[in-house]
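Spelled out, the chains give:
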2 protein chains.
Amino acid sequence: MVYRQKGLRGKRKRWFSGRQSHKTKDRMSKEKKIYKPKSVSGFPEWLPEVRRVEQQWFDHIRRVFESYGFCSIETPSIEELDVLRAKGEVDKEIYVLERLHKEEDDDSDARLALHFDQTVPLARYVAQHFNDLIFPFKRYQMQRVWRGERPQAGRFREFYQCDIDVINVDALPLHFDAEMPAIIWEVLNDLPGMEGENIQLRVSNRKILIGMCECLGITNIVEVTRIIDKLEKIGEQDAYADLLELGLNDEQLALIIEISSIKSSPSEISGLLRDFIARNDVIARSGSDEAIQTFNGGVAELETVMDQLKHLPEDAVIADLSIVRGLDYYTGTVYETVFTDDPGYGSICSGGRYDDLAGSYINKALPGVGISIGFSRLFDRLRQKGAFDVTRKSAADILMVLPNEEQRAAAAETARTLRERGYNVELYHAAQKIKKQMSYAERKGIPYVWFPPFEAGQDHEVKCMETGGQTKADPQNWEPRKEERDAAVA
Amino acid sequence: MVYRQKGLRGKRKRWFSGRQSHKTKDRMSKEKKIYKPKSVSGFPEWLPEVRRVEQQWFDHIRRVFESYGFCSIETPSIEELDVLRAKGEVDKEIYVLERLHKEEDDDSDARLALHFDQTVPLARYVAQHFNDLIFPFKRYQMQRVWRGERPQAGRFREFYQCDIDVINVDALPLHFDAEMPAIIWEVLNDLPGMEGENIQLRVSNRKILIGMCECLGITNIVEVTRIIDKLEKIGEQDAYADLLELGLNDEQLALIIEISSIKSSPSEISGLLRDFIARNDVIARSGSDEAIQTFNGGVAELETVMDQLKHLPEDAVIADLSIVRGLDYYTGTVYETVFTDDPGYGSICSGGRYDDLAGSYINKALPGVGISIGFSRLFDRLRQKGAFDVTRKSAADILMVLPNEEQRAAAAETARTLRERGYNVELYHAAQKIKKQMSYAERKGIPYVWFPPFEAGQDHEVKCMETGGQTKADPQNWEPRKEERDAAVA
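Residues numbered from 1 in each chain as written. Chains lettered and ligands numbered in written order. Predicted model: local features only at pLDDT ≥ 70, side-chain atom pairs only at ≥ 80, totals over all residues. Heavy atoms only, no water.

A. Spatial organisation of the overall build of chain A. Secondary structure assignment for chain A yields 17 helices and 17 strands. Principal-axis analysis of the C-alpha atoms gives chain A an extent of 95 × 65 × 45 Å. Residues classed as buried in chain A amount to 60% of the 490 residues present. In chain A, the proportion of contacts linking residues at least 24 apart, taken out of those at least 6 apart, comes to 69%. When the 68 basic and 80 acidic side-chain charges of chain A are each reduced to a single mean position, those positions are 13 Å apart. (Helix = DSSP H or I, 4+ residues; strand = E, 2+ residues; numbered from the N terminus. Buried < 20%, exposed > 50% of the residue type's maximum accessible area, 1.4 Å probe, protein only. Contact = heavy atoms within 4.5 Å. Lys, Arg positive; Asp, Glu negative; His and termini not counted. Charge placed at Lys NZ, Arg CZ, Asp CG, Glu CD.)

Here you go:
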């Protein structure tokens, strides 16, 4: 962006072209080398009217997170590559950074890489600032993350995640496992554009299935959980066949399918689980003490969590024992969130409890529970469905007409008065024909046009672009009428 | 983050350790490999209580920008390297991205690099979306940018910039040149923590000095502007010596020093310039028509801009003809912003007018004017000075005491009622001793502690942690008293 001295003569021509620039355009274009830009696949950007809705989403999510007492943190976009790999090789596609002009023999810097999630940075943050944080540490984080994977529909290489996590030292009360779904329900249900969508949070506890497998003497538990994770997708029949292939016997098979098929409202889950246990005393009979403790612990935890979710609307949250979250690192409660009329789209918001967040970085036991909204994936889905109001291309509530140059100072003063009263006001930039100024407001989707006096002593008037109504107004106390406000100022 | 099958046995132990994890800690720590993390130089991150102020800053800046009708955009963190270089080699240290697991012969992707400012991305954005934007296009942008330079005090490798720019097709009214300083004054003056700081915006117009140089037959204009740019720093005497060395004669020298020394309030600049011109008719006598037009154009533009800034407080904005913005690409109006009691800290907010934003990407003349707040640099300065209230480590306004397990549902309900009324409420997670719950509020800086009934039928009470006052309260209509509110809820 800096021109050097030798290029001055050519550049000087353009310095001074000023208002004449349009006259010399044709000549200039022949000299210019044009590098026509295009979108980079997997790196989304939005027009202002879409970005406006994106901001409303972030504002809403932040408001709900904060209303439960979560504080905000941000971490750098990068971590040292060794930090990202401290728990072993990572299966995500990582972007590493190189300085373009780095000298070849300069190895002074550690290798830096863009973070691929917000969990590893949180773990590093908690370990590094351990002595400055108050526990339980409740934080939310809404940042971009990067994954260098092949872009495909609904998948980005750069995207936003919105995470909440609670971390404590040594032990973490189940209260927080129950708080997560309540928060996420409030967030997702009230997002602008989600009015037409039906979503459902599904909660389970991994200890139940795993404890039962151990009680029944099943050794290939990972394979079993992998099949159960696909249960809804592949159906009971295929799951049967796959489990049979693993070498499970009829009793094991039937019990696993039966328990994984349990889906229940918060108020009924306890009864269903008690009933299942009573009917299948083989579990308590055949398991080791440790295995039974795992199973019973999972049952008790799920009951406690669901009991605290009874206040939510019917169908908002269910217990769904087929939820196991694949091969992830969760140890107890697990969450998924789906569109009930399109569960095949996959989970839009997932998480769970983990026993040790930051064990790779600090010699402390730091159990936690967290949940992550796949923001960009969710936002882009609704954008593509046309669920958003994208008529507002400006932040302005009011376009202040500039009647003529003589009234410029007075019009600017009126604009300032309205700004102080909380309205966003754009002062039109030139004393052009009123029709042209109004057309500008129309095209930018600015809901009100304000006409200050064309001569001293005249009245102010305001036109609502939605209703077409025009009325006298006083900058000191004007407010949009209720029916206008519904149509216009958000 | 994913464990593979062969590692299952070892991992399973930790899956189920659950609440026992603290017991097994000692044994585990001997097995664990700890990778102790540290800060990466030049990549700042804040504790929650500092991040809270940073959010207040962003909120305030956004509110002011939007109040003038600017819309928000965000661009990807990356651009194609060819886009960043479309205007020629870049002198900024660029970070390029590499996929860690990229196959060696895979050259399918264009080279991507992190953006080093928001101006190049804006230019690319405007060119790419030209047909979807309404002009004048007024946008603000608050994102991180990256520069791989050696970190030093007050300089980061990753930092936030807050930019506003207005772009138009063919010609852009001077109205916008005058709007920029008014907006920036409002932004900077009202930022939390800036109460004790005196800042000043300094405005000039490059056409004045450059036109005068041309009128006087000076050919090495870049060197002259470079010396004038340092005038305040090196003093008049050194500037004299440097200009003499360039081969300027006495008359040229005197005139350049005289005009560059002009500093004036908005209401007096016009008189000072007219007076200077009248006393020095050599300019009009000796210059070419084009050079005189440049000089006079610059004078007229500066007068117009300053005339529209008369409403600001005294000393908020001055005309300062020593401002030339180094070798940058500005063509008319230029801005700098300094701490008046520490001008040596350098400009915290700079910008100006450019004749052609996106000429490298589209065959249109797109003049613009913009200004950029060096957010992180400014924020970190005030943070280091201790200018912020950093007592709030939580977003919660109220800590809801959990009296006992029996009252959990009732306490949760009270918390929800208060949340619906706009308060941020954290429900304490366990029915521990009241003293412990209050200590938690104290340490997190939560301003109110709410005591719900310990038995049905009792009253609610609220304690203000700042004043120590405790009163009966109704969740449906409680509000902090005015004197408490000043001390507590922001």
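There's more to say after this.
B. Highlighting the relation of the copies chain A and chain B. Screw-axis analysis of chain A against chain B gives a translation of 0.0 Å along the axis, an RMSD of 0.1 Å, and a rotation angle of 180°. These values place the two chain copies in the arrangement generated by a two-fold rotation axis. By C-alpha distance to the rotation axis, the residue of chain A lying nearest is L97(A), at 2.5 Å. Of all interface residues in chain A, 99% are interface residues in chain B too; the two copies therefore contact each other through one and the same surface. (Least-squares fit on C-alpha atoms with pLDDT ≥ 70 in both.)

C. Here's a closer look at helix α9 (residues 231-245) of chain B. Residues and elements named next belong to chain B. Compared with an ideal rise of 1.5 Å per residue, which puts 15 residues at 21 Å, α9 spans 15 Å between its outermost C-alpha atoms and falls more than 12% short. At Q237, α9 shows its largest bend, some 75°. For α9, the complete set of buried residues consists of L231, A239 and L243. Where α9 is buried, its residues meet α8 (221-229) and α10 (250-260). Once α9 ends, the next one or two residues include G247, with phi positive near 95°. (Expected span 1.5 Å × (residues − 1). Bend = angle between axes of the 7 residues up to and from the residue.)

D. The arrangement of the sheet that holds strand β14 (residues 425-427) of chain B in detail. All names here are of chain B. The strand order across the open sheet formed by five strands is β14-β13-β15-β16-β17, and the pairing between neighbours is mixed. Across the chains shown, the open sheet's two edge strands, defined by having one partner strand only, are β14 and β17 (470-473). Averaged over all neighbouring strand pairs, the angle between strand axes comes to 25°, with direction disregarded. When strand β15 (residues 448-451) meets strand β16 (residues 460-464), the two strands line up antiparallel, connected through four bridges. Pairing of W450 across the sheet is with V462, part of β16. This element, helix α16 (residues 434-444), spans β13 (398-400), β14, β15 and β16 of the sheet and lies at about 150° to β15. (Pairing = 2+ DSSP bridges. Axes fitted to C-alpha atoms, helices over the stretch in contact; angles between N-to-C directions.)

E. How the structure looks around the interface of chain A and chain B. Taken together, the contacts link 150 residues of chain A with 149 residues of chain B. At the junction of chain A and chain B, the tally comes to 14 salt bridges. For the salt bridge of R124(A) with E45(B), the shortest nitrogen-to-oxygen distance reads 2.6 Å. Counting across the chain A and chain B interface gives 58 residue pairs in polar contact (both at pLDDT 80 or more). When residues in the side of chain A that touches chain B are grouped by element, the largest group, eight residues, is from helix α3 (residues 48-67) of chain A. Residue composition of the side of chain A that touches chain B, grouped by class: 64 nonpolar, 33 polar and 53 charged. With five bridges connecting them, strand β3 (residues 95-99) of chain A and strand β3 (residues 95-99) of chain B associate as antiparallel partners. (Salt bridge = Lys/Arg side-chain N within 4 Å of Asp/Glu carboxyl O. Polar contact = N/O pair within 3.5 Å; in protein donor to acceptor, adjacent residues only side chain to side chain. Nonpolar A, V, L, I, M, F, W, Y, C, P; charged D, E, K, R; others polar.)

F. Main features of the pattern of salt bridges. All told, the structure shown has 62 salt bridges over all chains when counted by the stated rule. Among the ionic pairs, E301(A) bridges to K207(A), the shortest N-O distance being 2.7 Å. One end of the pair, E301(A), is in helix α13 (residues 289-307); the other, K207(A), is in helix α7 (residues 206-215), with 94 residues separating them in the sequence. One exposure class covers both E301(A) and K207(A), and it is buried. Ionic pairing is found between D397(A) and R392(A), a salt bridge with its closest N-O pair at 3.4 Å. We note that D397(A), like R392(A), is buried. Because the salt bridges share partners, they merge into one network encompassing R51(A), E54(A), R144(A), E158(A) and E74(B).

G. A look at the pairing of strand β5 (residues 137-146) of chain A. Within β5(A), ten of the ten residues are buried, which leaves the element mostly enclosed by the surrounding structure. The alternating pattern of β5(A) places F137(A), R139(A), Q141(A), Q143(A) and V145(A) and K138(A), Y140(A), M142(A), R144(A) and W146(A) on opposite faces, both of which are buried.

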